[in-house]
Amino acid sequence: MEDRNKYIDQKLRELAGYTPNVKADWEAFYLNNQSGIDVLKSGTVKGTAGRLIGSSGFKYTIIAISVIAVFVAAYFITSDSGSRNNEEMKLPEIQIIRQNEVIVPVESSSPQNIPAEPAKKILKPVDETNNSIILDSKIQNPDKAKKVIDEMNQPKVPEVKEAVKKTVNDSTTKKPVIIKKTVIIQDTIRIKRPVGK
Amino acid sequence: MIIACKRGEVSALKIVYERYYSLMYGVCLRYLKNVTDAEDLVQEGFMKIFKDIGSFKGKGSFEGWMKKVMINNVLAYLRKHKNEFVSHDIDSIAEDEMDAFEEEELTIENQIRNTDFTREELIGIIQSLPQGYQQVLNLFVVDEFKHQEIATVLNISEGTSKSQLNRARKLVKKRLFDKVLEKEAIRAKNDVI
C-alpha cells in the first residue's frame, strides 16, 4: 500500500518548491503595510527585546535589583521575627514607683537638748487603685502604713536609711549639734502582665 | 541580509520580499481554495515574517523557517474562518466518489504513473480537495510534517490525521485519473484534427 502511494506522494512533493509565475509588488506591499514596516525600522519588537535582555548592562541591572530585593526582604523578615520573639519573651513589666519619700524628724543630740525643728514631711499622693502601699497619715510610723497587697503578694518592707549626719553649730550656745536625718524610701513594684492572646 | 532585516532596514526587507514572494505565494495557494485568499494571506504572512524575524536563530534554512511561519499563518486563518468552509458536505461527496473509484483503482494506477502533470494541474487538484484532506495532505506529503505535529497544529488526533491522509490520497488518485481521461480526450481530439 505504501509503495502504491509513493508515486502519488512523489508527484505532490514537487509542489514543495512551487513558484507560480507572479511578480512581487513591493511598493504596493509597502503602502499597505507602511505603519507596520515603520515600526520595524526601529528594530523588530522581539529583536529589540532580545538585544536588551542579551545586553550585559541589563543583566547586571537585574542582578543588582535582585540582590537589593533579597537584602530588603531579609531585613524585613529578620526584624519581623525579632519583634515576634520580643513579644514572646516579654516579661512582666515592672514599674518602680517611688511613692513616698519620708524624712524622719530631725533628732538632735545636743548636750543642751536644744528643741528640734519640726519634722519636715513630704508625702506624694497615693493612688489606691494601683495596689500600692498606702501609708498611714502618721508618717512618722511607717510600720502602721495601710498596705494593700499587690499582685505579687509580697509587701515591701520600707527601707530605712540613716542618711546624713550633719554637724552644725548652735547659734545660741555656739556648741556643735549633730543632726541626724533619716530618710525612708518606700518603693512599690507594680507588675503589669502582658495581655493574654 | 537577515541581520539587516532584524534591524528593520527597508532595503533588506524589500529584497527578502521580492526574492521569496513567489515561493510563499505558492505555499498559500496549496492550502487555500482561490487566488484572492492566497494574495491576501501572502501579504499578511510576510508582515508576520518581518515581525518575527528576530526569533529566527539560524537553525535550519531561512526559507524553511519562512515557510513554517507562512503555513501557520494560513492555518490560523482557516481555523478562524472554519465555518465558511462547509467541509462536511464536501467530505460526504468525496466518500461517494471514492467508493465508486476503489473498484477500478488498481487498473488506473499505471495510467496515472505514466502521465505527466503540470504543477498548476496538481495545485488545482489539491485545491479541489475538502478542506481537511487538503490540509493534512499538504502538511504530511508536501511539507513533511509528522502525524503528531499535524495533530497538534490542526487540533485533531493522530488517528484522524492518518485516516484523512489515506482518504486524501485516494481522492487525489481519482482526480488525477480524471485528469488523465481529460488529457486523453484532448489528445484524441487533436489526433482527429
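Provided above is the structure to which this section pertains.
Residues numbered from 1 in each chain as written. Chains lettered and ligands numbered in written order. Predicted model: local features only at pLDDT ≥ 70, side-chain atom pairs only at ≥ 80, totals over all residues. Heavy atoms only, no water.

Caption draft 1: Fine view of the overall build of chain B. A tally of helices and strands in chain B yields 10 helices and 0 strands. For chain B, the succession of helices and strands along the chain, N to C, is α-α-α-α-α-α-α-α-α-α. Counting all 193 residues of chain B, 50% fall into the buried class. Here the analysis covers contacts within chain B between residues at least 6 apart in sequence; of these, 72% occur between residues at least 24 apart. Within the structure as shown, chain B displays about 9,700 Å² of accessible surface, and the carbon and sulfur contribution to it stands at 49%. (Helix = DSSP H or I, 4+ residues; strand = E, 2+ residues; numbered from the N terminus. Buried < 20%, exposed > 50% of the residue type's maximum accessible area, 1.4 Å probe, protein only. Contact = heavy atoms within 4.5 Å. Areas by Shrake-Rupley, 256 points an atom, 1.4 Å probe, with all protein chains shown as cover.)

Caption draft 2: Expanded view of the nonpolar core. Formed by 71 residues in total, the largest nonpolar core has its most connected members in Leu12 of chain A together with Phe46, Phe50, Met66 and Leu137 of chain B. The element that contributes the greatest number of residues to this core is helix H2 (residues 10-31) of chain B, accounting for 13 residues. The residue makeup of this core includes at least three contributed by each of domain 1 (2-84) and domain 2 (87-192) of chain B. Apart from residues no more than four positions distant in its own chain, leucine 12 of chain A is found in contact with Leu122, Ile126, Leu137, Val141, Val142 and Val172 of chain B. (Core = buried A, V, L, I, M, F, W, Y, C linked by side-chain atoms within 4.5 Å. Domains from an automatic or database assignment.)

Caption draft 3: Region of interest: unusual backbone geometry. Residue and element names in this part refer to chain B. One non-glycine residue, glutamate 144, adopts positive backbone phi at about 55 degrees. Secondary-structure assignment places glutamate 144 in the loop between helix H8 (131-142) and helix H9 (147-154). Assessed through its relative accessible area of 55%, glutamate 144 is described here as exposed. A positive phi angle, close to 55 degrees, is found at asparagine 155, a residue other than glycine. A residue is classified by how much of its surface remains accessible, and asparagine 155, at 69% relative accessible area, is exposed.

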